[in-house]
Number of protein chains: 2
Amino acid sequence: MPEHSPLDVPEGDPFGPHNLPYGLFSTHADTNPRVGVRYGEAVLDTAAVAAALGSPHAALLAAPTLAPLMAAGRPVWQSVRAEVTAWLTDPAHRAAVEPHLHALDRVAMHMPFEVGDYVDFYSSEHHAANVGRIFRPGEEPLTPNWKHLPIGYHGRSGTVVPAGTPVVRPAGQRKRAADDPAAEVPSPARPGPASPALPGPAFGPSIRLDIEAEVGFVVGVPSRMGTPVPRTAFRDHVFGVCLVNDWSARDVQPWEQRPLGPHQAKSFATSIGTWITPLDALEAARTAPPERTHPLLPYLDDTGADAQPDGYDLRLEVRINGETVSRPPFAAMYWTAAQQLAHMTVNGASVRTGDLYASGTVSGPEQDQVGSLLELTKGKGPWLADGDVVEIDGWAPGPDGVRIGLGGVHGQVQPTGWTPQQA
Amino acid sequence: MPEHSPLDVPEGDPFGPHNLPYGLFSTHADTNPRVGVRYGEAVLDTAAVAAALGSPHAALLAAPTLAPLMAAGRPVWQSVRAEVTAWLTDPAHRAAVEPHLHALDRVAMHMPFEVGDYVDFYSSEHHAANVGRIFRPGEEPLTPNWKHLPIGYHGRSGTVVPAGTPVVRPAGQRKRAADDPAAEVPSPARPGPASPALPGPAFGPSIRLDIEAEVGFVVGVPSRMGTPVPRTAFRDHVFGVCLVNDWSARDVQPWEQRPLGPHQAKSFATSIGTWITPLDALEAARTAPPERTHPLLPYLDDTGADAQPDGYDLRLEVRINGETVSRPPFAAMYWTAAQQLAHMTVNGASVRTGDLYASGTVSGPEQDQVGSLLELTKGKGPWLADGDVVEIDGWAPGPDGVRIGLGGVHGQVQPTGWTPQQA
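All values derive from a computational prediction rather than experimental measurement.

A. Quick peek at the relation of the copies chain B and chain A. Laying chain B over chain A is done by rotating through 180 degrees and shifting 0.0 Å along the axis; what remains is an RMSD of 0.0 Å. Interpreted geometrically, this transformation is the action of a two-fold axis. In terms of C-alpha distance to the rotation axis, chain B has Gly261(B) as its closest residue, with the C-alpha 2.1 Å off the axis. Counting the interface residues of chain B, we find that 100% of their copies in chain A are interface residues as well, pointing to one common contact surface.

Written as structure tokens, this is what we have:
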């Protein structure tokens, strides 16, 4: 009886021939990281096949990072995708390809590229309004700028980590409550002229550790400083999509955030999925964004006669310790990734290969569609406990009713490394 | 008569043997960027001398970036500095060294290292209070957190450019004034259900282009994620200092800033000096920071028995079109670079070789000591005009009364590349 071949991916598999996401992997036998493509429950060693079959893209695929492939541009992306599709589906290649498929559970996945700049947007109207109500009660939930520009801020690229990396509970400052359990407060042995207007903070391991389920966009083709990237050039610059967990310390955030935005509440870790889904795999998932309630400036306006369906119908799922807690719908995002790219560069800022920009928390209109515990629990908790495992998965409609699986992002919360002595 | 030798640097020269800043340079004859040391009005090709004299550090110095030297750590920094000092001052080396000195005006200076994460702090009490009065009139000038943590935010590392790079006037959104000259407003042809609470912005080239005179700290030795860097380890991680101009669009900033901080108002360009002054050259400039008016958490507290003079007495000078407009005193900064590093990592965030963090605008208590036009003109302008040349220079007291010159950062404002068609 012939052994089951990893090439025989069942019809309808979310990682079948219409998907083909890229990642950086290695094996026990060959510990050099190189470009792999997920196919069913296996990883195709594209570098090995390219070498064996004499592909013109062999050097790109043997690189120890996705960056050269990402930088090569859309015609090359399409050419490589066509080649990989042929390798996996043309019976003529079967004998050459089969030895280079490795079972998913036998490979190590690596950080797929070095992150250049990491920008985190805030593009779900539902999320922004929910957060506004919790953090700024009594005020308009949306700030006056929200419907006119995709609000975003720069995050820390050096602490973007691949799925599976444990996340250590951060320590930080927070506004002190009367019953705060924090171990540390400013030393009363050296009091200054304390002002009642400036009450001292507490310090300790975060007691409100949270997640944010997001979608990340990976820049492949760089742009020139001084030259904005128009909304319509989005697919010439963006290589693909990954899922993102923007871990957040909700006790640190409100204390530090005014006036220059979040910093320590976010910078300790951001997890990304290790499989980058090419935009070409998401063609069938393109969809119109929500109706624009306010007129937009020309560089953002996607309502004209040349309007493209710049939204993506990605269905996310958030699980904590195996239990599904939310199903955030990416199609509900007000601002599209194309608008975000146009805004990010309209001032002349350039993008580089490896820049990552994330959507902001994906939240839909329903309470079981929100992408953070802050919203799920209306600011009351419970929050993440040590040992909790958070998984964010997703899929998109593909051609002919198949699903395109998005590579998941998962991580486990580790106890703080902080001790009172270290503070 | 013997020709003047570039080795004969006049006594008291701010780039004499007590300074020895590092940069990345190339020449017409050898266009490979390599590590140079400024000496008087010349640049020493350290790579060439190291090769000629068989230095153990030859490979570090021949690298096309300062990064390997930066990553090598303090003992190596001190060893290389001792070696370079000997090359430049020991008559025995004169014949070997002299051919490898190039006149400053005959070399090209390059970006000295690739910037990892760029964090911009806000650590001058005078600046923060001045800005608070202008941007939030009627409120307390300092936010309640200001005296408890060094406020900072991540900036865009991909648009950090070396001194001399022209800076193109950015375009962006701003709150619309009745008499606003902006060319573009949201299209009235596609009005949405406009809300009086959400007035539309104007768009166009910035009409309030400003500078911020800052001091940057360059991380050499990386830290591990999850392990905070204590304040006292500052000089084991930070390689040196450069001057920074954090160009800012003051019309864009207040409109976009709430709630996640500045983004487009800053991300178009940040200029840094191309000479990195090693911390060891600034030993004599170490000074106590201002008196702490509020008790500090232990990880920030620098008032105890083990207190170190973590401030630096750097004297900045800002010139616009050759005219000195301000002399900001770095010694007046409330938060030190050591505290900033401790804060940046107290949540477990790591630092990498090439991370750059800047002090925030350096402003002293006097009106002729402020580091921005916003403060110099009390928010009224005039602002930068096209063609304006901005130069930030500085020096520090060295041993025996000599001055340690800081490499200047300069840049010229170029007209916008924006046209109404592009928006």
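B. Structural detail: the pairing of strand 24 (residues 403–414) of chain B. Residues and elements named next belong to chain B. The pairing of strand 9 (residues 167–168) with strand 24 spans two bridges and is parallel. Across the sheet, residue Val168 finds its bridge partner in strand 24, namely Gln414. In terms of strand pairing, strand 23 (residues 389–397) meets strand 24 through eight bridges, oriented antiparallel. Paired with Val389 across the strands is Gln412, a residue of strand 24. Between strand 23 and strand 24, which pair antiparallel one after the other, the connecting turn spans five residues, and Asp400 there sits at a positive phi close to 55 degrees.

C. Structural view of the interface of chain B and chain A. Contact residues are listed per partner, giving 79 residues for chain B and 79 residues for chain A. Together, the buried faces of chain B and chain A total about 7,200 Å²; carbon and sulfur atoms form 57% of this surface. Between chain B and chain A we count six salt bridges in total. With its nearest N and O atoms 3.0 Å apart, the salt bridge here joins Asp355(B) to Arg156(A). Where chain B packs against chain A, one counts 34 residue pairs in polar contact (both at pLDDT 80 or more). Of all elements in the fold, only strand 6 (118–121), strand 7 (152–155), strand 10 (171–175), strand 11 (201–205), helix 8 (252–256), helix 9 (264–267) and helix 10 (337–345) of chain B reach the threshold of two or more residues within the side of chain B that touches chain A. Tallied by class, residues from the side of chain B that touches chain A come to 38 nonpolar, 28 polar and 13 charged.

D. Molecular detail of the packing of aromatic side chains. Residue and element names in this part refer to chain A. All chains considered together, the criterion is met by 19 aromatic pairs over all chains. Their ring planes at 35 degrees and their centres at 6.1 Å tell us that Phe217 and Phe330 sit as a pair that is tilted. Taken as a pair, Phe217 in strand 13 (residues 213–219) and Phe330 in the loop between strand 21 (323–326) and helix 10 (337–345) lie far apart in primary sequence, 113 residues in all. Using a relative accessible area of 1% as the deciding quantity, one classes Phe217 as buried. Given a relative accessible area of 7%, Phe330 falls into the buried group.

E. Focus on the pairing of strand 1 (residues 22–27) of chain A. All names here are of chain A. Taken across its six residues, strand 1 has six buried, putting it largely inside the fold. Because side chains alternate across strand 1, one face comprises the buried residues Tyr22, Leu24 and Ser26, and the other comprises Gly23, Phe25 and Thr27, equally buried. Sheet topology places strand 1 next to strand 2 (residues 34–39); four bridges connect them, and they run antiparallel. Looking at strand 2, one finds that Leu24 is bridged to Val35. From the end of strand 1 to the start of strand 2, which pair antiparallel, there are six residues.

F. Representation of the sheet that holds strand 5 (residues 107–110) of chain A in the model. All names here are of chain A. Sheet architecture is open: five strands sit in the order 4-3-2-1-5, paired in antiparallel fashion. At either end of the open sheet lies a strand with only one pairing partner, and these are strand 4 (101–103) and strand 5. On average, each strand axis in the sheet is inclined to that of its neighbour by 45 degrees, with strand direction left out of account. Across the face of the sheet, helix 1 (residues 46–53) comes into contact with strand 2 and strand 3 (42–45) while running at roughly 40 degrees to strand 3.

G. Spatial organisation of helix 10 of chain B. When you tally the buried positions in helix 10 of chain B, you get nine out of nine residues, the bulk of the element. Regarding helix 10 of chain B, the residues found buried are Ala337(B), Ala338(B), Gln339(B), Gln340(B), Leu341(B), Ala342(B), His343(B), Met344(B) and Thr345(B). If you follow the buried residues of helix 10 of chain B, they end up packed against helix 9 (264–267) of chain A together with strand 6, strand 13 (213–219), helix 7 (234–237), strand 14 (238–245) and strand 22 (356–358) of chain B.

H. Inspection of the sheet that holds strand 3 (residues 42–45) of chain B at higher detail. Residue and element names in this part refer to chain B. A sheet is described by the order of its strands in space; here five strands give the open sequence 4-3-2-1-5, paired in antiparallel fashion. Sheet topology places strand 4 (101–103) and strand 5 (107–110) at the edges, where each strand pairs with a single neighbour. Neighbour to neighbour, the strand axes of the sheet diverge by 45 degrees on average, direction disregarded. Running at roughly 40 degrees to strand 3, helix 1 (residues 46–53) makes contact with strand 2 (34–39) and strand 3 of the sheet.

I. Representation of the environment of Met225(B) within the structure. Of note, Met225(B) is situated in the loop between strand 13 and helix 7. C-alpha of Met225(B) to C-alpha of Thr345(B): the two residues are 120 residues apart in sequence and 8.5 Å apart in space. Setting aside residues up to four positions removed in sequence, Met225(B) forms contacts with Thr159(A), Val161(A), Phe268(A), Ala269(A), Gly348(B) and Ser350(B).

J. Seen up close, the pattern of salt bridges. Within the structure shown, the criterion is met by 56 salt bridges over all chains. Between Arg352(B) and Glu114(A) there is a salt bridge, with its nearest N and O atoms 3.9 Å apart. On the criterion of chain membership, the pair formed by Arg352(B) in the loop between helix 10 and strand 22 and Glu114(A) in the loop between strand 5 and strand 6 (118–121) is interchain, its members lying in two chains. Its salt-bridge partner being Arg319(A), residue Glu317(A) comes within 3.5 Å of it at the nearest N-O pair. Classification of Arg319(A) by relative accessible area gives buried; the value is 16%.

K. Examining the side chain of Lys266(A) more closely. Mapped onto the elements, Lys266(A) comes out in helix 9. Reaching out from Lys266(A), the side chain makes a polar contact with the side chain of Asp246(A) at a distance of 3.0 Å.

Cut-off values and rules
- By convention here, each chain's residues receive numbers from 1 onward along its written sequence.
- As they are written, the chains are lettered A onward and the ligands numbered 1 onward, keeping that order.
- Selection of residues for local features in this predicted model requires a pLDDT of at least 70, selection of side-chain atom pairs for listing and counting requires 80 or more, and totals for whole chains, interfaces and linings are taken over all residues.
- In computing side-chain properties, one takes all heavy atoms of the structure into account and sets aside hydrogens as well as water.
- The atoms used to superpose the copies are C-alpha atoms, taken from residues with pLDDT of at least 70 in both, and the fit is least squares.
- Any pair of residues with heavy atoms lying within 4.5 Å of one another is described as a contacting pair.
- Two strands qualify as a pair provided DSSP detects at least 2 bridges between them.
- Here a helix means four or more residues in a row that DSSP labels H or I, a strand means two or more in a row labelled E, and each is numbered from the N terminus.
- We define buried area as the total accessible area lost by two parts upon association, computed with a 1.4 Å probe and summed across both.
- The term salt bridge refers to a side-chain nitrogen of Lys or Arg lying within 4 Å of a carboxyl oxygen of Asp or Glu.
- For this analysis, a polar contact is any N or O atom pair within 3.5 Å, provided that within protein one partner can donate a hydrogen and the other can accept it, and provided that sequence-adjacent residues contribute only side-chain to side-chain pairs.
- Note that Gly is not counted as nonpolar here; it falls among the polar residues with everything else outside the nonpolar set of Ala, Val, Leu, Ile, Met, Phe, Trp, Tyr, Cys and Pro and the charged set of Asp, Glu, Lys and Arg.
- Pairing of aromatic rings covers Phe, Tyr and Trp, the last through its six-membered ring, and needs centres within 6.5 Å; plane angles under 30 degrees mean stacked, over 60 mean edge-to-face, and all others mean tilted.
- Accessibility here uses a 1.4 Å probe with only protein chains present; expressed as a share of the type maximum, an area under 20% marks a residue as buried, one over 50% as exposed, and anything in between as partly exposed.
- An axis is simply a line fitted to the C-alpha atoms; with a helix, the fit covers only the stretch in contact. Between two such axes, the angle follows the N-to-C directions and lies from 0 to 180 degrees.

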